[in-house]
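Coordinate analysis (summary)
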Amino acid sequence: SYGSLPWISLALAFSFGFYGLLKKTTTLQPAESLTLETGILFIPALIWLLVANQNQTGIFLHTNLQTNLLLVGAGIVTVVPLLTFAAALKHIPLSLMGILQYIAPTLQFLLGVLVYHEPFTHTQLVGFSIIWAALILFTSESWIHARKQQTY
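Structure report, in brief. Please read all numbers here as calculations on a predicted model, not as lab measurements.

**Some remarks on the overall build of the protein**
Each helix and strand counted, the protein has 6 helices and 0 strands in total. Going from N to C terminus, the protein has its helices and strands arranged as α-α-α-α-α-α. For 152 residues, the compact-globule estimate of 2.2 N^0.38 gives 15 Å, and the protein exceeds it by more than 25% at 20 Å. By principal-axis analysis of the C-alpha atoms, the protein measures approximately 60 × 45 × 30 Å. By the burial criterion, 10% of the 152 residues in the protein qualify as buried. Of all intrachain contacts in the protein linking residues separated by at least 6 positions in sequence, the fraction that spans at least 24 positions is 57%. Roughly 12,200 Å² of accessible area belongs to the protein as shown, and the carbon and sulfur atoms make up 73% of that amount. Between the centroid of the 5 positive side chains of the protein and the centroid of its 4 negative side chains there is a distance of 14 Å.

Take a look at the structure:
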C-alpha cells in the first residue's frame, strides 16, 4: 500500500528484538547492564547537549525550574521501566516477553480508534490483522509444543 517496505518499523522490530536477546543472555544484573548502556551513550548524548546549547536550541537549564525538573523526572520515569524490563527478562521466556510487548501498542491503538476516533483505514486493518494472526499462530504453536513436552 505504501509502495515500499516499512524500513523504520522493521528496524525498530529487529533492534528491539536484538536488545531483548542481549538483555536475556547477559550475565550482568539489570542495574549493571543499564549502567553500561548509559555509559556507552553518555559521550554521544553529552556532545549532542553541548551542540544544542551552542546552537541555542537546548532547553535544559534555559527555561524555568518546573521544566528543568520535569526533564530530570523524565529520565527517572524512563529508568524504572528499563530496570523492570531487564529484571523480568531474567525470569520469563523471551517468547513470552515478545508477546507481552504487543499489549501496550494494541491498547494505544484501541484508545486512539475507539476513544479519540482516529482514522482506521482498510490497509491498517489488514496490517493489524496479519500481526495478531501471526501472534496467535506463534502462541498456539508454542503452547502445543510445551504441552507435548510435559506429556513426555
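Anyway, onward from the coordinates.
**Some words on the layout of surface pockets**
Remark: the empty space left among the atoms is shown by a probe the size of a water molecule rolled over them. Considered as a void within the structure, the largest pocket measures approximately 1,500 Å³ in volume. Contributing to the lining of the largest pocket are 39 residues, with S9, A13, Y102, P105 and I131 lying nearest its centre. The set of elements that each furnish at least two residues to the lining of the largest pocket consists of α1 (7-25), α3 (65-89), α4 (94-100), α5 (103-115) and α6 (122-151). For the lining of the largest pocket, the element with the most residues is α6, which contributes 11 residues.

**Concerning a nonpolar patch on the surface**
A contiguous nonpolar surface patch, about 850 Å² in accessible area, is contributed by L96, L100, I103, L107, L110, L111, L114, V115 and Y116. Secondary structure elements with two or more residues in the nonpolar patch: α4 and α5. Among the elements that line the nonpolar patch, the one with the most residues is α5, at 6 residues. Note on placement: L111 falls in helix α5.

**A few points about α3**
With 25 residues, α3 extends 37 Å between its outermost C-alpha atoms, agreeing within 8% with the 36 Å of an ideal straight helix rising 1.5 Å per residue. Buried within α3 we find N68, F85, A86 and L89. Its buried side turned inward, α3 meets α1, α2 (30-54) and α4.

**Things to note about the side chain of S33**
Along the chain, the position of S33 falls in helix α2. Apart from residues lying up to four places away in sequence, S33 is in contact with K23 and L28.

**Quick notes on the pattern of salt bridges**
Taken as a whole, this structure holds 1 salt bridge when the rule is applied. Here K23 makes a salt bridge to E37, at a shortest N to O gap of 2.5 Å. One end of the pair, K23, is in helix α1; the other, E37, is in helix α2, and 14 residues separate them in sequence. Taking the relative accessible area as the measure of exposure, K23 reaches 4% and is therefore buried. Since its relative accessible area comes to 22%, E37 is described here as partly exposed.

**Notes on the packing of aromatic side chains**
Tallying each qualifying case throughout the model produces 6 aromatic pairs. Centre to centre, the rings of Y102 and W132 are 6.4 Å apart; their planes meet at 70 degrees, and the pair counts as edge-to-face. Taken together, the residues Y102 in the loop between α4 and α5 and W132 in helix α6 connect sequence positions 30 residues apart. When its relative accessible area of 34% is taken as the criterion, Y102 is described as partly exposed.

What counts as what
Residues numbered from 1 in each chain as written. Predicted model: local features only at pLDDT ≥ 70, side-chain atom pairs only at ≥ 80, totals over all residues. Heavy atoms only, no water. Helix = DSSP H or I, 4+ residues; strand = E, 2+ residues; numbered from the N terminus. Rg over C-alpha atoms; globule rule 2.2 N^0.38 Å. Buried < 20%, exposed > 50% of the residue type's maximum accessible area, 1.4 Å probe, protein only. Contact = heavy atoms within 4.5 Å. Areas by Shrake-Rupley, 256 points an atom, 1.4 Å probe, with all protein chains shown as cover. Lys, Arg positive; Asp, Glu negative; His and termini not counted. Charge placed at Lys NZ, Arg CZ, Asp CG, Glu CD. 1 Å grid on protein atoms, 1.4 Å probe; cavity = no way out; pocket = protein on both sides within 12 Å on 5 of 7 lines; lining within 4 Å. Points joined across faces, edges and corners; volume = space filled by probe spheres on them. Patch = residues over 30% accessible without salt bridge, like charges linked within 9 Å, V, L, I, M, F, W, Y side chains within 5 Å. Salt bridge = Lys/Arg side-chain N within 4 Å of Asp/Glu carboxyl O. Expected span 1.5 Å × (residues − 1). Phe/Tyr/Trp six-rings, centres within 6.5 Å; stacked < 30°, edge-to-face > 60°.

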